[in-house]
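# Fold and geometry: a report
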Amino acid sequence: MQHNDDFLTKWEHIVKDVNKTDVPLECIKKVIIKFHGGKQQTVNLHTLQKQGLSLADIEALLNRTFHERNDEIRDVDFVVDVNSVAELVQPETDKLLGKL
């Protein structure tokens, strides 16, 4: 389901303060691995899923990359899929607010 810009803007505000280590893979668009020396590798989870990889396959790929290149990695950024987070959380939010 597509959401309007105002709806997504509200969720972006909520999501920006979330500790990204607590976000499930299905709510992540991309993982950007930054290496010492300025190079980086972007892993686009949506593209990999479209190519037929499961979330378990993607998790294994990321874990292997992190393990094999640990000494080279300077930083890792997670790009959150706000639409997926909203779809996951909004129904529960609606239930809770409906009981007030």
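This write-up is about the structure you can find in this document.

Cut-offs and rules
Residues numbered from 1 in each chain as written. Predicted model: local features only at pLDDT ≥ 70, side-chain atom pairs only at ≥ 80, totals over all residues. Heavy atoms only, no water. Helix = DSSP H or I, 4+ residues; strand = E, 2+ residues; numbered from the N terminus. Buried < 20%, exposed > 50% of the residue type's maximum accessible area, 1.4 Å probe, protein only. Contact = heavy atoms within 4.5 Å. Expected span 1.5 Å × (residues − 1). Arc of directions from axis to C-beta. Core = buried A, V, L, I, M, F, W, Y, C linked by side-chain atoms within 4.5 Å. Phe/Tyr/Trp six-rings, centres within 6.5 Å; stacked < 30°, edge-to-face > 60°. Lys NZ or Arg CZ within 6 Å of the ring centre and 35° of its normal. Pairing = 2+ DSSP bridges.

Here we take up the overall build of the chain. Secondary structure assignment for the chain yields four helices and three strands. Of all 100 residues assigned to the chain, the portion counted as buried reaches 26%. Considering only intrachain contacts with a sequence separation of at least 6, the fraction spanning at least 24 residues in the chain is 67%.

Our next topic: helix α3 (residues 55-68). Since the α-helix turns once every 3.6 residues, residues separated by three or four places project in the same direction. Its 14 residues give α3 an end-to-end C-alpha distance of 20 Å, which sits within 8% of 20 Å, the value for a rise of 1.5 Å per residue. Among the residues of α3, Ile58, Leu62 and Thr65 are the ones counted as buried. Projected down its long axis, α3 shows its buried positions confined to an angular sector of 65°, all on one face. Exposed and facing more than 90 degrees away from the buried side of α3 are Ala56, His67 and Glu68. The secondary structure elements touched by the buried residues of α3 are β1 (28-35), β2 (40-44), α2 (45-50) and β3 (73-80).

Let us look at the nonpolar core. Of all hydrophobic cores here, the largest spans 15 residues; its most connected members are Ile28, Val31, Ile33, Val43, Leu45 and Leu62. Elements that contribute at least two residues to this core include exactly β1, α2, α3 and β3. No other element matches the four residues that β1 contributes to this core. Apart from the residues lying within four places of it in its own chain, the contact partners of Leu62 are Leu25, Val31 and Val43.

Here we take up the packing of aromatic side chains. Given two aromatic rings, one states the distance between the centres and the angle between the planes to describe the pair. Evaluation of the coordinates by the stated rule reveals zero aromatic pairs. We note Arg69 situated over the ring of Phe35; from NZ or CZ to the ring centre the distance is 4.1 Å.

Quick look at the environment of Val43 now. Assignment of secondary structure puts Val43 in strand β2. Along the backbone, Val43 and Lys29 are 14 residues apart, and their C-alpha atoms lie at a distance of 8.6 Å. In this structure, Val43 is in contact with Lys29, Lys30, Val31, Ile33, Leu48, Leu61 and Leu62, ignoring residues within four places of it in sequence.

A few words on the side chain of Thr65. For Thr65, the position within the fold is in helix α3. Residue Thr65 is classed as buried on the basis of its relative accessible area, which comes to 13%. Once residues lying within four places of it in the same chain are set aside, the contact partners of Thr65 are Ile33, Gln41, Asn70 and Ile73.

The pairing of β1 with β3 spans seven bridges and is antiparallel. Bridge assignment links Val31 to a residue of β3, and that residue is Phe78. Note that β1 and β2 share five bridges and pair antiparallel. Its bridge partner lying in β2, Lys34 is registered against Gln40. Here β1 hands over to β2 after four residues, with Gly37 in that stretch at a positive phi of 95°.

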